[in-house]
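# What the coordinates show
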Amino acid sequence: MEHIEHAYSKKLLQKLSFVAMDLETTGGVHESDQIIEIGLVKIENLKISRELDYLVNPKSDIPKYVQRLTSISPETLKDSPTIEKIIHEILDFIGDSIIVAHNISFDLPFFNSVLKRLNLPLLTNRSLCTQLMGQYLIPNMLSSNLGYMGRLFNIPHKKAHRALEDAKVCAHLLLNFLHIFIKKGIRKVNQLYYPQSKFELNRAHFSKDEASQCLGVLGEIHSATIVYLKGEKGLELASIPLKDPSQEIEIVSSVMAQVPWKTITVELMGHFFEAFLHYNLNYNKFESRVKELINLHLHGKHLKGKDKDKDKERALEPTSEKYHIGPGSESFLISHHLIPGQLTIYPLFHLGHNNALIFHFPAHKKRLLYYAQGCIKRNDRRRRKKSSQDFGVHRDLFPFIERYLVEETASRKKDLLIVHKNTFTKNQMKLFKSIKTFLKTAPKDNTYPLEHL
């Protein structure tokens, strides 16, 4: 039976009519450039109902770069109608629907500039931008162009930079977002325009009376996650890093029983290492009994040796520079980010959530090199000054994470890449080859954002 809240949300959005719009133009100057193609897709009752597509004769030259981008040439448009002949059919199609575009700040003002030139009333319809919605719903997404976001949601995109095809992708993207809003219990139409944090796809929030629901959600997650337990006024009482939540429900239940929590936030992570750093971030604020409980779980669950004290002793023994963390380290660690196609890099000599860099490869090669070289220079300065600056990991957690890295990077499942700092400065070809190999062979253990919270 459909959840009551979901049924309300679905009914709320079913009443709305949307028109996804995309324009191909001779350029971006509103006063002089012209539309050469317009694609419109209408959505009613949460389904695509109609489409409209026109090639438009601009009565002006089409720049060569536009012809290359769109495959629309003057020859293509010689028998096409001018905008004056089709504008009323377009306006009738749009009606009073909510206008949707990927980068609405271009399409709608440009279309209104055409109406102004034709001495017609400007559109005052409400509007939505799927690009902005994507940025709200998928935090830390480095690219939000239509093609990339379409791939994230498995939406076919047969011909980019053609109006109807782009409008179709935009429409399907909107439908994905609308179903997400329904699943997350949207209560007001205004929340479409200004989505709050409750709609983010990597997070879910639970109140005290939803404890069993929270554990049920965790039981279905098989990838890295962190669970935050918060008390009065949002004070963080505990955070629990989990590698496979479906197999670690017991530790969550145990911590829930130990602290006077009011709300729980479950957040998906790209890798367990990232979840661990979030745990480390507020470690000093947690009660000793809570820290001891979580630390025992970490050692017992994630290290081969079950004896915490022996593991601790082994981890304190000198390790190679390849695995060593802290001021004396010589290496960086690279792991998958939660969002497909993105990676995260951490300097092992100065760990911490805020010291990481998220990047695309190979698009961000230069950014990656500048970041790494900057980290190396800052660390060299700290060494020369014999700085006692904190290197990011709490002393209690240091033995665990160092031992964890040794065991993980020695295992067959190579989902972490360790790179020596000299590779960034002296052997960049080797660096790029290593990252390429990592992307081909290292598994990404989630299908986010298709599967989300």
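Residues numbered from 1 in each chain as written. Predicted model: local features only at pLDDT ≥ 70, side-chain atom pairs only at ≥ 80, totals over all residues. Heavy atoms only, no water.

Helix and strand content of the chain: 18 helices and 13 strands. Principal-axis analysis of the C-alpha atoms places the extent of the chain at approximately 80 × 55 × 35 Å. Restricting to contacts in the chain with at least 6 residues of sequence separation, those with at least 24 account for 68%. For the chain, the exposed surface amounts to about 22,100 Å²; the carbon and sulfur share of it is 50%. Placing the 64 positive and 49 negative side-chain charges of the chain at their respective mean positions leaves the two points 5 Å apart. (Helix = DSSP H or I, 4+ residues; strand = E, 2+ residues; numbered from the N terminus. Contact = heavy atoms within 4.5 Å. Areas by Shrake-Rupley, 256 points an atom, 1.4 Å probe, with all protein chains shown as cover. Lys, Arg positive; Asp, Glu negative; His and termini not counted. Charge placed at Lys NZ, Arg CZ, Asp CG, Glu CD.)

It is worth spelling out the packing of aromatic side chains at this point. Geometry of an aromatic ring pair is reported as the spacing of the ring centres plus the angle between the planes. Within the structure shown, the criterion is met by 13 aromatic pairs. Taking the centre distance of 5.5 Å and the plane angle of 90° together, the rings of Tyr-279 and Tyr-283 count as edge-to-face. Just as Tyr-279 is buried, Tyr-283 falls in that class too. Three or more aromatic residues link up through ring pairs in this structure, and these residues are Phe-272, Phe-276, Tyr-279, Tyr-283, Phe-286, Phe-400 and Tyr-404. Cation over ring: Lys-230 sits above Tyr-228, and NZ or CZ is 5.9 Å from the ring centre. (Phe/Tyr/Trp six-rings, centres within 6.5 Å; stacked < 30°, edge-to-face > 60°. Buried < 20%, exposed > 50% of the residue type's maximum accessible area, 1.4 Å probe, protein only. Lys NZ or Arg CZ within 6 Å of the ring centre and 35° of its normal.)

As a further point, take the side chain of His-360. Looking at where His-360 falls in the secondary structure, it is placed in strand E12 (residues 357–360). Its relative accessible area of 12% is what places His-360 among the buried residues. A polar contact of 2.9 Å, which involves the side chain of His-360, links it to the backbone oxygen of Gly-341. With near-sequence residues (within four places) excluded, His-360 lies in contact with Leu-142, Ser-143, Tyr-148, Pro-340, Gly-341 and Gln-342. (Polar contact = N/O pair within 3.5 Å; in protein donor to acceptor, adjacent residues only side chain to side chain.)

This part takes up the pattern of salt bridges. Inspection of every chain in the model, using the stated rule, returns 12 salt bridges. One salt bridge in this structure joins Glu-232 and Lys-262, with 3.6 Å as the shortest N-O distance. With Glu-232 in the loop between strand E7 (225–230) and strand E8 (236–242) and Lys-262 in the loop between helix H11 (249–258) and strand E9 (263–268), this residue pair connects regions lying 30 residues apart in the sequence. Glu-408 is the salt-bridge partner of Lys-243, the closest N and O atoms lying 3.2 Å from each other. Within this pair, whereas Lys-243 is found in the loop between E8 and H11, its partner Glu-408 is found in helix H16 (residues 398–410), the two being separated by 165 residues in sequence. Linked through salt bridges whose partners overlap, the residues forming this network are Glu-51, Glu-165 and Lys-168. (Salt bridge = Lys/Arg side-chain N within 4 Å of Asp/Glu carboxyl O.)

The next point concerns the environment of Glu-31. Turning to its location among the elements, Glu-31 is positioned in the loop between strand E1 (17–25) and strand E2 (35–44). On the accessibility criterion, Glu-31 (66% relative accessible area) is exposed. Put simply, Glu-31 and Cys-129 are 98 residues apart on the chain and 23 Å apart in space, counted from C-alpha to C-alpha.

Another point: the environment of Phe-199. Tracing the sequence through the fold places Phe-199 in the loop between helix H9 (190–193) and strand E6 (203–207). On a C-alpha basis, the gap between Phe-199 and Gly-185 in space is 8.8 Å, while along the polypeptide they are 14 residues apart. Those residues within four positions of Phe-199 in sequence are excluded, and the remaining contacts are Leu-137, Phe-181, Lys-184, Ile-186 and Gln-191.

Look at helix H4 (residues 83–94) against helix H5 (residues 104–117): their axes get within 12 Å of each other, and the N-to-C directions meet at 125°. For the element pair H4 / H5, the angle class is oblique. In this structure, H4 meets H5 at a crossing whose hand is left-handed. Seen from H4, the contacting residues are Ile-83, Ile-87, Ile-90, Leu-91 and Ile-94; seen from H5, they are Phe-111, Val-114 and Leu-115. The class makeup of the residues in the contact of H4 with H5 is 8 nonpolar, no polar and no charged. (Axes fitted to C-alpha atoms, helices over the stretch in contact; angles between N-to-C directions. Parallel < 35°, antiparallel > 145°, perpendicular 65-115°, else oblique. Left-handed = near helix turned anticlockwise from the far one by under 90°. Nonpolar A, V, L, I, M, F, W, Y, C, P; charged D, E, K, R; others polar.)

A word on the sheet that holds E7. Pairing is antiparallel across the open sheet formed by 4 strands, whose spatial order is E6-E9-E7-E8. In this open sheet, the two strands that pair with only one neighbour each are E6 and E8. Averaged over all adjacent pairs, the angle separating strand axes in this sheet is 15°, with direction ignored. In terms of strand pairing, E7 meets E8 through 6 bridges, oriented antiparallel. What sits directly across from Leu-229, in E8, is Ala-238. The sheet contacts of helix H10 (residues 211–218) involve E6, E7, E8 and E9, and relative to E6 the element is tilted by about 150°. Most of the contacts of H11 go to E8, to which it runs at about 175°, and overall it touches E7, E8 and E9. (Pairing = 2+ DSSP bridges.)

This next bit is on the sheet that holds strand E11 (residues 342–347). Read from one edge to the other, the open sheet built from 4 strands follows the order E12-E11-E10-E13, with strand pairing classed as antiparallel. Edge strands, defined here as strands with exactly one partner in the open sheet, are E12 and strand E13 (416–420). The sheet shows a mean angle of 30° between the axes of neighbouring strands, taken without regard to direction. As paired strands, strand E10 (residues 331–336) and E13 are joined by 5 bridges and run antiparallel to one another. Looking at E13, one finds that Ser-331 is bridged to His-420. Running over the sheet, helix H15 (residues 365–384) touches E10, E11 and E12 and is turned about 155° from E12.

Taking every second residue as pointing to the same face, the buried face of E6 carries Ala-204 and Phe-206, while none of Arg-203, His-205 and Ser-207 on the other face is buried. Note: E6 against E9, 5 bridges, orientation antiparallel. Bridge pairing links Phe-206 to Ile-264 in E9.

Time to look at the nonpolar core. If you look at soluble globular proteins, the nonpolar side chains tend to sit buried side by side. Ranked by internal contacts, the top residues of the largest apolar core, which has 95 residues, are Phe-18, Leu-192 and Leu-229. Ranked by residues supplied to this core, first place goes to helix H8 (residues 163–183) with 13 residues. Beyond its immediate sequence surroundings of up to four residues, Leu-192 is in contact with Leu-13, Leu-16, Phe-18, Leu-128, Met-133, Leu-178, Phe-181 and Ile-186. Of all hydrophobic cores here, the second largest spans 26 residues; its members include Ile-83, Phe-111, Leu-115 and Leu-120. (Core = buried A, V, L, I, M, F, W, Y, C linked by side-chain atoms within 4.5 Å.)

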